[in-house]
Number of protein chains: 2
Amino acid sequence: MSIHKKQDPRALRTKKMLKNAVFSLLSENQDVAQLSVQKITSRAELNRATFYLHYEDINDLLSQIVQEIFDELSSKTEPLLQMKNLDKQEHLLGFLDYVYEYRKIFAVFIEHAEFKNSLFEFLKNVIHMRRSERNIATTENTVALEIMAASLLGIINWWIKDGIHYSSEYIAKQITSMYKKKPL
Amino acid sequence: MSIHKKQDPRALRTKKMLKNAVFSLLSENQDVAQLSVQKITSRAELNRATFYLHYEDINDLLSQIVQEIFDELSSKTEPLLQMKNLDKQEHLLGFLDYVYEYRKIFAVFIEHAEFKNSLFEFLKNVIHMRRSERNIATTENTVALEIMAASLLGIINWWIKDGIHYSSEYIAKQITSMYKKKPL
DNA sequence: TATTTTATCGACTATGTGTCTATTAAGCAA
DNA sequence: TTGCTTAATAGACACATAGTCGATAAAATA
């Protein structure tokens, strides 16, 4: 954030316009794979060469967008996780509420490998925090952290793509009733 | 199979060569998205125009490959599912063994939307069969079929992509110990 | 104001798609 | 075997896209 050396306002403006163009295009066709540098710069009303002054390729731009999404996700969910007196299901529900709020963005970006990885790491982190907080032994007899996270990722992926008519409350209930131990 | 009207042997040969070219290319770069009609026909040593005599586009070809993969998966796992005297975990293990055998193909094609959908439907079907077989009420108090299938899909996705050093036995054990009710 | 940085324009090479026509070759059926 | 049918090839076409380059104009800043 403030660590970065101050950038040329023209560069900042251009980058914002390119990102806005990406969201504008994605809101239409809902498909990351159909993006092209031409479409993005055309939508942003910028020259195509300008794109390459700021990003290596489309993936570079998408990576930075994903980074920003998860910076926000972390800053919004961390205070929730600090509240140790919350019920088992309230943490999960708080997270699912956030996912629901950004379900359209999530549904598009979940196809992007880096977004998927970030979400996976995020889930692992949250599960790990919850476990150590409740003093659950992480070495013996415990379901592997990664398998639990992969399972949750699968459910979230399904939810935002094909099952978004279910409420976050319902999903939270199903999840907690499915596992032997509460994941979040 | 034998229902189809007999096809021109030249067409059969061409289609087989194109499919082989796809597998050949995928064994090198492991990425469906990097395929092109030019690369495929060049690898198959066929004219590019010939491709369009048999397939609409790359997705059409991939769809037919995926179809064949699941035809084989079904024919190999169905006899296993008919054996009603098997232990809870043996069904799951038999399926995971099949996935392990074809893990390289699976890891590549799991990125393909149609493959993912087919696998999801397959999992739903198997869970449903197991449940009705064991007379589990599907309406009351039971975890939604789709959520369970989505969860398993997430685990399988993780396993074949990032956790294939774990044995199918270990994965089966983790899965059965994670859920309150055995999924398969 | 003078220097640096950014943005634009046009051009170029390269790869890819999908279609089309004409021609050659292989399969099949009377 | 001959003749019809279908498949495969070759080359061309218009079009979209990627990534780079040099020259020029415009904005930011020291």
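Predicted model, so just to flag it, every value in this text is computed and none were measured.

Considering the relation of the copies chain B and chain A
The pair of chain copies shares a relation made of a rotation about an axis and a shift along it.
Item 1. Mapping chain B onto chain A is achieved by rotating through 180 degrees and translating by 0.0 Å along the same axis, at an RMSD of 0.1 Å. Such a turn and shift between the copies fits a two-fold axis.
Item 2. Take the interface residues of chain B: 100% of them recur as interface residues in chain A, which is what a same-surface contact looks like.

Section: the domain arrangement of chain A
Interface size, as often reported, equals the accessible area lost upon joining of the parts.
All names here are of chain A.
Item 1. Here the domain parsing of chain A yields domain 1 (1–55) and domain 2 (65–184).
Item 2. Listed by partner, the interface residues are six residues for domain 1 and six residues for domain 2.
Item 3. Contact between domain 1 and domain 2 buries roughly 640 Å² in total, counting both sides, with carbon and sulfur atoms accounting for 80%.
Item 4. When residues of domain 1 are sorted by the area they lose upon contact with domain 2, K19, F23 and V32 head the list and together hold 62% of the total.
Item 5. Connecting domain 1 to domain 2 are one salt bridge.
Item 6. Here K19 ties to E68 by a salt bridge, and the two come within 2.6 Å at their closest N and O atoms.
Item 7. On the surface where domain 1 and domain 2 come into contact, there are one residue pair in polar contact (both at pLDDT 80 or more).
Item 8. Within the side of domain 1 that touches domain 2, the residues separate by chemical class into four nonpolar, one polar and one charged.

Description of the UniProt feature "DNA-binding region" (unreviewed entry) in chain A
Item 1. Taking the numbering used here, the UniProt-annotated feature "DNA-binding region" (unreviewed entry) corresponds to residues 36–55 of chain A.
Item 2. Within residues 36–55 of chain A, the helical portion is 70% and the strand portion 0%, while the C-alpha atoms at the span's ends are 13 Å from each other.

Digging into the protein's contact with DNA strand C
Item 1. Close to DNA strand C lie 23 residues, the nearest being R10(A), T14(A), T50(A), H54(A) and Q38(B).
Item 2. Among the atoms of DNA strand C lying within 4 Å of the protein, the sugar-phosphate backbone contributes 60%.
Item 3. Within the backbone of R10(A), an N or O atom sits 2.7 Å from a phosphate oxygen of DNA strand C.
Item 4. Y52(B) has a polar side-chain atom sitting 3.3 Å from a phosphate oxygen of DNA strand C.
Item 5. Counting only elements with at least two residues in the surface near DNA strand C, the list comes to α1 (9–29) and α3 (48–54) of chain A together with α1 (9–29), α2 (37–43) and α3 (48–54) of chain B.
Item 6. Among the elements that make up the surface near DNA strand C, the one with the highest residue count is α3(A) (five residues).
Item 7. For the surface near DNA strand C, the residue count by class is nine nonpolar, six polar and eight charged.

Some details on the protein's contact with DNA strand D
Item 1. DNA strand D sits among 21 residues. The nearest are Q38(A), R48(A), T14(B), T50(B) and H54(B).
Item 2. The sugar-phosphate portion of DNA strand D accounts for 63% of its atoms within 4 Å of the protein, the bases making up the rest.
Item 3. In the environment of DNA strand D, a base oxygen lies 2.8 Å from a nitrogen or oxygen atom belonging to the side chain of R48(A).
Item 4. Here R10(B) contributes a backbone N or O atom positioned 2.8 Å from a phosphate oxygen of DNA strand D.
Item 5. Of all the elements in the fold, those that place two or more residues in the surface near DNA strand D are α1, α2 (37–43) and α3 of chain A together with α1 and α3 of chain B.
Item 6. Of the residues that constitute the surface near DNA strand D, the class distribution is eight nonpolar, six polar and seven charged.

Conventions and cut-offs
Residues numbered from 1 in each chain as written. Chains lettered and ligands numbered in written order. Predicted model: local features only at pLDDT ≥ 70, side-chain atom pairs only at ≥ 80, totals over all residues. Heavy atoms only, no water. Least-squares fit on C-alpha atoms with pLDDT ≥ 70 in both. Contact = heavy atoms within 4.5 Å. Domains from an automatic or database assignment. Buried area = accessible area lost by both parts, 1.4 Å probe. Salt bridge = Lys/Arg side-chain N within 4 Å of Asp/Glu carboxyl O. Polar contact = N/O pair within 3.5 Å; in protein donor to acceptor, adjacent residues only side chain to side chain. Nonpolar A, V, L, I, M, F, W, Y, C, P; charged D, E, K, R; others polar. UniProt positions renumbered as here; feature names shortened; annotations may be inferred. Helix = DSSP H or I, 4+ residues; strand = E, 2+ residues; numbered from the N terminus. Near = heavy atom within 4 Å.

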